[in-house]
Amino acid sequence: MNEDTAYLLSFVHRLDLSSYTTRGSRYSEEKAKGIVIADELAGVIGHCRNMKELYVGEEMMHAFVSSSVIHTIFKCQNELSTLDFTGFSDKNHLERISFFMCTAFSEQDFYIPFFYKFTASGNHLTRLDLGYTQISSQLFLHLSPPKKLTHLSLQGCQLLTCCSPLIDYIEECTELVSLNMDCNGIGGSRFCQDCIKRLLMSVSNKRNLVALDVGGLTNLDDTILLELVTENPDCLSGVKYLSLAYCSQISSNVLYTLLLDHMPHLHYLNLSRTSFSNEISQLTSLIARLNRSFGNVKVLEVSPVVPKKYPGEILKWILTNHGRRIYYSQATIDPRFCYSKKIMLVDDCKLSAMNQYWSYSY
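Residues numbered from 1 in each chain as written. Predicted model: local features only at pLDDT ≥ 70, side-chain atom pairs only at ≥ 80, totals over all residues. Heavy atoms only, no water.

A.B. asks: Quick question: what am I supposed to make of the overall build of the chain here?
C.D. replies: A count of helical and extended segments in the chain gives 13 helices and 14 strands. Dimensions along the principal axes, computed over C-alpha positions, put the chain at roughly 65 × 40 × 35 Å. For the chain, the proportion of its 362 residues judged to be buried stands at 53%. About 16000 Å² of surface is accessible on the chain, with carbon and sulfur atoms providing 50% of the total. In the chain, which carries 33 positive and 36 negative side-chain charges, the distance between the mean positions of the two groups comes to 4 Å. (Helix = DSSP H or I, 4+ residues; strand = E, 2+ residues; numbered from the N terminus. Buried < 20%, exposed > 50% of the residue type's maximum accessible area, 1.4 Å probe, protein only. Areas by Shrake-Rupley, 256 points an atom, 1.4 Å probe, with all protein chains shown as cover. Lys, Arg positive; Asp, Glu negative; His and termini not counted. Charge placed at Lys NZ, Arg CZ, Asp CG, Glu CD.)

Okay, here's the thing in structure tokens:
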């Protein structure tokens, strides 16, 4: 690398490689992987001495698991605060991490050693995305105390179980702004009612909670919700984004009580894969009730399974398809970028096409 290039790299603050791909090139897998050479990549990253944000896509993971690249990231990047692996830490500033879709990493061989080293270095996470990883509930024995954690996503983690260190960990997260426990209907039944109640009761301590996704916790029912708001009527009062996808044991009466009496700021509601959105008659009744009594709710996410059955408009709420997600929303609202299922590690950040897909279309 010549001196001019090295000098220019010193001005890089944000390096986004999340959309790198060789798809369509007709290269063999071996040839495609040979394009990005780990040692050369380590050299590039090493010269980005003022880099604060690093985003990596799945097609570059083979290079980033090399010892030379790992060493450069964790030893040389003292300014790095955001690390997003979409598809590892002697660092005093690293506080926002995403391993979203990193299914190739082993809990025993990677995640536990990583968080052990992270904790030993005195770091404290503020945002953590472990969505769609192969972690179990035992991992939370190895995480540092979550006294500063504001955003946590465990969506799609099929190996999580209740009656485990996971529930204890979430109860200790007193500063949460966003919690995503979306099981996507897979494995949600492994959470018993007692643990769901413990999880939601701990919400009453989350005075800053804005987004709550408990989709797929299929044992969530009327009794738990009524006990929650009876014990602490204001525990959900600040929530603007709520997902109850797959939660088919919640009745319309309890849902309306929850919305009318306890969630005055709710803007987005996900009821996909429930009778509220699977049956047109119930969907129409729900939207009519929203129009009459819940004017703050502007966006309703519905089931993407059979989109052709939905009319283009219901009581002036407009149907919108966006990737794998489908919405009804009030006519003045664009619902496509209302709620990200992937944690935004940096607020108001311009996303690459790949990160935008995982956040808003998947």
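A.B. asks: Before we go on, may I ask you to explain the side chain of Thr82 in this structure?
C.D. replies: Turning to its location among the elements, Thr82 is positioned in strand S3 (residues 82-85). Among the polar contacts made by the side chain of Thr82, one reaches the side chain of Arg96 at a distance of 2.9 Å. (Polar contact = N/O pair within 3.5 Å; in protein donor to acceptor, adjacent residues only side chain to side chain.)

A.B. asks: What am I meant to see in the pairing of strand S11 (residues 299-302) here?
C.D. replies: On a regular strand, one side chain projects to one face of the sheet and the next to the other, so that they alternate. Burial of S11 is two-sided: the residues Val299 and Glu301 facing one way and the residues Leu300 and Val302 facing the other way are all buried. Sheet topology note: the strand S10 (residues 268-270)/S11 ladder contains 3 bridges and is parallel. Across the sheet, residue Tyr268 finds its bridge partner in S11, namely Val299. Pairing of S11 with strand S14 (residues 325-330) involves 4 bridges; the strand directions are antiparallel. Across the sheet, Glu301 pairs through a bridge with Tyr327, a residue of S14. (Pairing = 2+ DSSP bridges.)

A.B. asks: Looking at this structure, how should I read the packing of helix H9 (residues 222-231) against helix H10 (residues 252-262)?
C.D. replies: How two helices sit against one another is set out by the angle between their axes and by the gap between those axes. Orientation of H9 relative to H10, taken along the N-to-C sense of each, is 20°, at an axis distance of 10 Å. Relative to H10, H9 is oriented roughly parallel. For the pair H9 and H10, the sense of crossing is left-handed. Along its contact with H9, which presents Asp222, Leu225, Leu226 and Val229, the element H10 presents Val254, Leu258 and His262. (Axes fitted to C-alpha atoms, helices over the stretch in contact; angles between N-to-C directions. Parallel < 35°, antiparallel > 145°, perpendicular 65-115°, else oblique. Left-handed = near helix turned anticlockwise from the far one by under 90°. Contact = heavy atoms within 4.5 Å.)

A.B. asks: What is the right way to look at the packing of aromatic side chains in this model?
C.D. replies: Between two aromatic rings, the relevant description is the distance of the centres plus the angle of the planes. One pass over the structure, following the stated rule, counts 21 aromatic pairs. Between Tyr241 and Tyr268, the ring centres sit 6.4 Å apart and the planes meet at 45°, which makes this aromatic pair tilted. One end of the pair, Tyr241, is in strand S9 (residues 241-243); the other, Tyr268, is in strand S10, with 27 residues separating them in the sequence. We classify Tyr241 as partly exposed; its relative accessible area is 23%. Residue class for Tyr268 comes out buried when judged on its relative accessible area of 1%. Pairing Tyr241 with Tyr339 gives two aromatic rings, centres 5.9 Å apart and planes at 20°, and the pair type is stacked. Linking Tyr241 in strand S9 with Tyr339 in the loop between S14 and helix H13 (353-360), this pair joins segments that are 98 residues apart in sequence. (Phe/Tyr/Trp six-rings, centres within 6.5 Å; stacked < 30°, edge-to-face > 60°.)

A.B. asks: How should the pattern of salt bridges be read in this particular structure?
C.D. replies: Two side chains bearing opposite charge may form a pair once their charged atoms approach each other closely. Inspection of every chain in the model, using the stated rule, returns 9 salt bridges. Between Asp16 and Arg14 there is a salt bridge, and its shortest N-O distance comes to 3.8 Å. For Asp16, a relative accessible area of 26% puts it in the partly exposed group. (Salt bridge = Lys/Arg side-chain N within 4 Å of Asp/Glu carboxyl O.)

A.B. asks: Which parts of the structure should I look at to understand H10?
C.D. replies: One turn of the α-helix equals 3.6 residues, which is why residues spaced by three or four share an orientation. Of all the residues in H10, the buried ones are Val254, Leu255, Tyr256, Leu258, Leu259 and His262. Residues of H10 that are buried sit in contact with H9, S9, S10, helix H11 (275-278) and helix H12 (280-293).

A.B. asks: I tried to follow the state of the cysteines on my own but got confused; where do I start?
C.D. replies: In protein structure, a disulfide is the covalent linkage between the sulfur atoms of two cysteines. Applying the stated criterion to the full structure yields 0 disulfides. Cysteine Cys195 is unpaired, with the sulfur of Cys163 as its nearest cysteine sulfur at 3.6 Å. We classify Cys195 as buried; its relative accessible area is 3%. (Disulfide = S-S within 2.5 Å.)

A.B. asks: Mind showing me how you'd approach a nonpolar patch on the surface here?
C.D. replies: On the surface, Tyr7, Leu8 and Phe11 cluster together to form a nonpolar patch covering roughly 380 Å² of accessible area. Within the element layout of this structure, Phe11 appears in the loop between helix H1 (3-9) and strand S1 (14-17). (Patch = residues over 30% accessible without salt bridge, like charges linked within 9 Å, V, L, I, M, F, W, Y side chains within 5 Å.)

A.B. asks: Help me understand the nonpolar core in this model?
C.D. replies: Within soluble globular proteins, side chains that are nonpolar generally end up buried alongside one another. Of all hydrophobic cores here, the largest spans 99 residues; its most connected members are Phe64, Phe99, Tyr111, Leu154, Phe191, Leu200 and Leu220. The greatest single-element share of this core, amounting to 6 residues, is contributed by helix H6 (residues 107-120). With residues up to four places along the chain from it excluded, the contact list for Tyr111 reads Phe99, Cys102, Phe105, Ser106, Leu130, Thr133, Ile135 and Leu139. Ala211, Tyr268, Val299 and Cys338 belong to the second largest nonpolar core, which has 6 residues in total. (Core = buried A, V, L, I, M, F, W, Y, C linked by side-chain atoms within 4.5 Å.)

A.B. asks: Just to check I follow, could you spell out the packing of helix H8 (residues 193-201) against H9 for this structure?
C.D. replies: Between H8 and H9, the least distance of the axes is 10 Å, while the angle of their chain directions is 30°. Our classification of the angle between H8 and H9 gives roughly parallel. Crossing of H8 over H9 shows right-handed handedness. Here H8 contributes Gln193, Ile196, Lys197, Leu200 and Met201 to the contact with H9, which in turn contributes Ile224, Leu225, Glu227, Leu228 and Glu231. Within the contact of H8 with H9, the residues separate by chemical class into 6 nonpolar, 1 polar and 3 charged. (Nonpolar A, V, L, I, M, F, W, Y, C, P; charged D, E, K, R; others polar.)

A.B. asks: Could you clarify how one ought to interpret the environment of Asn184 in this entry?
C.D. replies: Inspection of the secondary structure puts Asn184 in the loop between strand S7 (178-180) and H8. As for Asn184 and Gln155, which are separated by 29 residues in sequence, their C-alpha atoms are 7.4 Å apart. With residues up to four places along the chain from it excluded, the contact list for Asn184 reads Tyr132, Gln155, Gly156, Gly215 and Tyr246.

The quantities given are spatial measurements derived from coordinates; they are silent on function.
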